[in-house]
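Residue-level structure breakdown
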Amino acid sequence: MRRIAIVGAGQAGLQLALGLLGAGYEVTLIAERRPRDVRGGRVTSTQLMFGPALRIERDAGLALWDDDAPVMPCFELSHWNPQAQPEAPVRRFTAPFDEEVRSVDQRVKLSRWLALFEERGGRTEYRSVGPAEMAEVAAGHDLTVLATGRGELSALFPRDTAWPAHDRPLRSLACFYVNGVDHDGSDPGAGYVRATGVPPTGDVIMMRALTVGGPCDILLFEGRWGGAYDCWSDRPGATAGLRRALGLLRTFAPWEYERFRRAEPTDAGAALYGAITPAVRRPVGRVDGGRPVLGLADALVVHDPVTGQGANNAARAAASYLAAILKRGELPFDEGWMRETFDAYWASARHTHAFTELMLSDPQPERVGRIMGAAFAHPEVAHRFTNGYADPLTYRSWLLDPVGADAYAARFGV
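First, a word on what this report is: a plain description of the structure on this page. (Residues numbered from 1 in each chain as written. Predicted model: local features only at pLDDT ≥ 70, side-chain atom pairs only at ≥ 80, totals over all residues. Heavy atoms only, no water.)

Its boundaries defined by the atoms lining it, the second largest pocket holds a volume of some 990 Å³. Lining the second largest pocket are 45 residues; nearest its centre among them are His79, Gly197, Asp203, Met359 and Gln364. Elements represented by at least two residues in the lining of the second largest pocket include exactly strand S4 (74-79), strand S10 (193-198), strand S11 (202-211), helix H9 (335-360) and helix H10 (366-377). Looking at the lining of the second largest pocket, its residues break down into 27 nonpolar, 12 polar and 6 charged. (1 Å grid on protein atoms, 1.4 Å probe; cavity = no way out; pocket = protein on both sides within 12 Å on 5 of 7 lines; lining within 4 Å. Points joined across faces, edges and corners; volume = space filled by probe spheres on them. Helix = DSSP H or I, 4+ residues; strand = E, 2+ residues; numbered from the N terminus. Nonpolar A, V, L, I, M, F, W, Y, C, P; charged D, E, K, R; others polar.)

The following block contains the structure:
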């Protein structure tokens with residue numbers, strides 16, 4: 001029986017571990033926190049997941065919250081600049097998703113998957129692992145997969161110089177899980193995924209989710225550096241942070257303030273602050289002795305959450321790696337195979353990274369403004385843009401390609 005170690009118990013690491021365990025592999029999962037600590041901790045993300053990624057979970061038997069997690073049927077995008085044009089109307093479009101969209105608090109999902117791994121006979125080691133410990137892990141297994149991008153471990157994988165190198169995060173982030181938004185049917189838009197962009201300030205993104213106490217709403221602020229949304233350096237508690245967030249909504253998205261004005265944090269761990277530096281790394285790292293280890297998901301590719309792709313990428317990566325491992329049979333998991341395994345996943349996933357880079361570019365290419373202008377005026381464009389989030393590969397021929405974007409925008413007279 002082949003022995004595989006997975007370091008990191010996030011979406012990708014746990015999904016891969018459960019898949020390998022079900023296929024008869026001897027799997028050791030190294031995690032920092034036990035299920036009760038994960039569930040009782042702080043929120044870690046917004047984990048918006050679109051139809052293709054949800055199908056991956058369902059096919060794997062891991063979609064355990066279909067009866068409980070709210071489905072968001074539409075995407076609503078608003079643009080407004082109250083400083084430059086206080087009297088100008090809000091530009092807005094709403095478009096339906098072709099497939100379901102959900103968000104399950106990772107405290108709920110990962111704690112249950114971690115418990116499930118143990119219930120099914122998987123071996124779990126609860127400890128922190130640094131570069132020195134990775135050598136010991138790799139020496140005792142046929143394959144070692146690193147599925148966490150935290151701390152010093154990411155330095156095992158060299159940067160991919162074919163992609164832009166960022167020396168700092170692109171946005172200041174703050175996230176709040178809240179109760180108190182009405183979902184009685186009187187305001188259908190309250191159940192959509194919604195984003196409001198204010199050019200000098202940044203973006204705020206709203207969505208529904210399932211958290212430890214049941215359905216809730218999420219507020220995610222994507223602040224431009226030096227703007228009004230860049231105000232979280234003091235890391236306030238959940239209640240104080242939400243009070244500040246409501247003040248920002250009152251000024252920069254007053255229609256959302258009306259929805260959230262009675263909101264309260266879902267729990268003491270309902271606030272998250274931080275910033276993410278995007279990166280693309282090469283898939284093979286080496287530990288002491290020269291033994292190769294394979295990176296997975298966040299260990300190699302890190303996105304800003306503005307396009308909601310993190311959990312989707314993790315699900316796709318885990319599914320792709322699982323298929324490659326099963327196909328390998330008894331052949332060695334050598335460096336050549338590791339590179340091929342990542343390349344097979346990256347052939348599609350690179351478009352996700354390109355899409356996120358494009359949406360955060362400052363200034364954005366002129367073609368983005370033309371496409372978005374067409375989306376505000378033409379439902380066909382709004383629908384196509386909205387459903388590209390589910391699979392950014394579909395942006396390749398028009399939004400990501402300058403010539404294709406110009407040709408497409410010209411069809412609508414913009």
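Considering the arrangement of structural elements, one finds Pro379 in helix H11 (residues 379-388). Of the residues examined, Pro379 reaches a relative accessible area of 69% and is grouped as exposed. Separated by 283 residues in the primary sequence, Pro379 and Pro96 have C-alpha atoms spaced 10.0 Å apart. (Buried < 20%, exposed > 50% of the residue type's maximum accessible area, 1.4 Å probe, protein only.)

What follows is about the pairing of strand S2 (residues 26-31). For S2, the tally of buried residues reaches 5 of 6 residues, placing the bulk of the element in the interior. On the question of chirality, the crossover connecting strand S1 (residues 3-7) to the parallel S2 by way of helix H1 (residues 11-22) is right-handed. Sheet topology note: the S2/strand S7 (residues 123-126) ladder contains 4 bridges and is parallel. For Ile30, the partnering residue across the bridge sits in S7 and is Glu125. (Right-handed = clockwise from strand over helix to strand, strands pointing away. Pairing = 2+ DSSP bridges.)

Once that is clear, we can look at H11. Burial in H11 covers these residues: Val381, Ala382, Phe385, Thr386, Asn387 and Gly388. Of the surrounding elements, those touching the buried residues of H11 are S4, strand S5 (91-96), H9, H10 and helix H12 (402-411). (Contact = heavy atoms within 4.5 Å.)

Take unusual backbone geometry next. A cis geometry characterises the amide bond from Asp362 onward to Pro363, with omega recorded as 0°. Residue placement: Pro363 occurs in the loop between H9 and H10. Phi at Gln47 is positive, roughly 40°, even though this residue is not glycine. Here Gln47 is to be found in the loop between helix H2 (35-39) and strand S3 (48-49). Residues other than glycine seldom take positive phi values, yet Ala297 does so here, at roughly 55°. Residue placement: Ala297 occurs in the loop between strand S17 (292-295) and strand S18 (301-302).

Using the criterion set out here, one finds 0 disulfides in the structure. Distance from the sulfur of Cys175, which forms no disulfide, to the nearest cysteine sulfur (Cys216) is 9.1 Å. Overall, Cys216 belongs to the buried group, its relative accessible area being 1%. (Disulfide = S-S within 2.5 Å.)

This paragraph deals with empty space enclosed by the protein. The tally for this structure, following the rule as stated, stands at 4 cavities of 30 Å³ or more. Quantified by volume, the largest cavity comes out at close to 90 Å³. Met49, Leu54, Glu57, Ala63, Leu64, Trp65, Asp66, Ala69, Arg102, Ser103, Val104 and Lys109 are the residues that line the largest cavity. Elements with a minimum of two residues in the lining of the largest cavity: helix H3 (51-59) and strand S6 (102-103). Partitioning the lining of the largest cavity into residue classes produces 7 nonpolar, 1 polar and 4 charged.

In total, this model carries 27 aromatic pairs according to the counting rule given. Judged by centre distance (6.5 Å) and plane angle (85°), the ring pair of Phe93 and Phe385 falls under edge-to-face. Of this pair, Phe93 sits in strand S5 while Phe385 sits in helix H11, placing them 292 residues apart in sequence. Note on Phe93: relative accessible area 5%, which makes it buried. Given the relative accessible area of 1%, Phe385 is considered buried. One aromatic cluster in this structure is built from Phe50, Phe75, Phe93, Phe97, Phe355, Phe376, Phe385, Tyr389, Tyr395, Trp398, Tyr408 and Phe412. Stacked on the ring of Trp255, the Lys or Arg Arg92 has its end atom at 4.9 Å from the ring centre. Positioned above the aromatic ring of Tyr408 is the side chain of Arg384, whose terminal nitrogen or guanidinium carbon lies 4.7 Å from the ring centre. (Phe/Tyr/Trp six-rings, centres within 6.5 Å; stacked < 30°, edge-to-face > 60°. Lys NZ or Arg CZ within 6 Å of the ring centre and 35° of its normal.)

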